[in-house]
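Single-letter residue listing:
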Amino acid sequence: MTKSIRRPQVCVLGSADPGSAAYELAGEAGALLAKLGITLVSGCGSPATRVAAEQAIDAGGLVVSIVPPDQMPPADWPATVVIPCGMGDARNLLMALAGDACIVIGGRAGTISEVCLAWLHKRPLLPLVGCGGWSNELPSNPPDERQNSPILAWRSIAELESQLRGLGLAQAHA
């Protein structure tokens, strides 16, 4: 049996305002990904995705940030690896493809674009529900009728951990 070298990767997509329940859960989700040995992939551009990245780093995790411009972000950008793609909004396809699954928190038009692309490419979607925002509606309103991938809702960090483990994404030692 070949030992896996690549760590599982999960994209964190969406937006939520600081002080909201969704924002707090985004930070906890980032720390959980680090604890489970999962690399967090994000643009780190919204408050929710940024706090997830910061908490993952604080917990000793790896964070890959794919940013839209062609320039490196400031030195305090919350990522261990930064990929400036120079593709603007077309970067959403890279985000959709870069994860073994995608956590969706709240969200606006960019998030919807990323989710639809992830759906088309059969990536499991893990929307936060119960905190409002667009992700709240995803389980009952999938992108289309094809059932391309599972939509695994979560309301708490314990539920998110259970969903990630069910997908086989948690490292064995975590």
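Residues numbered from 1 in each chain as written. Predicted model: local features only at pLDDT ≥ 70, side-chain atom pairs only at ≥ 80, totals over all residues. Heavy atoms only, no water.

Caption draft 1: Fine view of the overall build of the protein. Per the secondary structure count, the protein includes five helices and six strands. From first element to last, N terminus to C terminus, the protein shows the α and β order β-α-β-α-β-β-α-β-α-β-α. Taken over C-alpha atoms, the radius of gyration comes to 15 Å for the protein, in line with the 16 Å a tight globule of 174 residues would show. Across its three principal axes, the protein shows a C-alpha extent of roughly 40 × 40 × 35 Å. (Helix = DSSP H or I, 4+ residues; strand = E, 2+ residues; numbered from the N terminus. Rg over C-alpha atoms; globule rule 2.2 N^0.38 Å.)

Caption draft 2: Spatial organisation of the layout of surface pockets. If you add up the space inside the largest pocket, you get close to 350 Å³. In terms of lining residues, the largest pocket is bounded by 23 residues, among which G14, G45, S46, R91 and E114 are the most central. Residues of the lining of the largest pocket, tallied by class, amount to nine nonpolar, ten polar and four charged. (1 Å grid on protein atoms, 1.4 Å probe; cavity = no way out; pocket = protein on both sides within 12 Å on 5 of 7 lines; lining within 4 Å. Points joined across faces, edges and corners; volume = space filled by probe spheres on them. Nonpolar A, V, L, I, M, F, W, Y, C, P; charged D, E, K, R; others polar.)

Caption draft 3: Up close: the pairing of strand β5 (residues 101–106). Judged by how many residues are buried, β5 sits mostly within the fold: six of six residues are covered. Where strand β1 (residues 9–15) lies against β5, six bridges are found, and the strand directions are parallel. Paired with C11 across the bridge in β5 is C102. As defined by bridge partners, β5 adjoins strand β6 (residues 125–127) across three bridges and the pair is classed as parallel. (Buried < 20%, exposed > 50% of the residue type's maximum accessible area, 1.4 Å probe, protein only. Pairing = 2+ DSSP bridges.)

Caption draft 4: Inspection of the nonpolar core at higher detail. I103, I105, W154, L160 and L164 are the most contacted members of the largest nonpolar core, which totals 36 residues. Secondary structure elements with two or more residues in this core: β1, α1 (21–35), α2 (47–58), β3 (63–67), β5 and α5 (157–166). In terms of residue count, the dominant contributor to this core is α1 (eight residues). Each residue touching I103, except ones within four places of it in the same chain, is listed here: V10, C11, V12, L13, L33, L126, W154 and L160. Counting 16 residues, the second largest nonpolar core, distinct from the first, contains M95, A96, V104 and A118. (Core = buried A, V, L, I, M, F, W, Y, C linked by side-chain atoms within 4.5 Å. Contact = heavy atoms within 4.5 Å.)

Caption draft 5: Region of interest: the sheet that holds strand β4 (residues 81–84). The six strands lie next to each other as β4-β3-β2-β1-β5-β6, forming an open sheet whose pairing is parallel. Both edges of this open sheet fall to β4 and β6, since each of them pairs with a single strand only. Each strand of the sheet is rotated relative to its neighbour by a mean of 20 degrees, with strand direction disregarded. One ladder, built from three bridges, connects strand β2 (residues 39–42) with β3; its direction is parallel. Note on β3: the bridge partner recorded for S42 is S65. Where α1 meets the sheet, it contacts β1, β2 and β5, and its direction lies at approximately 160 degrees from that of β5. (Axes fitted to C-alpha atoms, helices over the stretch in contact; angles between N-to-C directions.)

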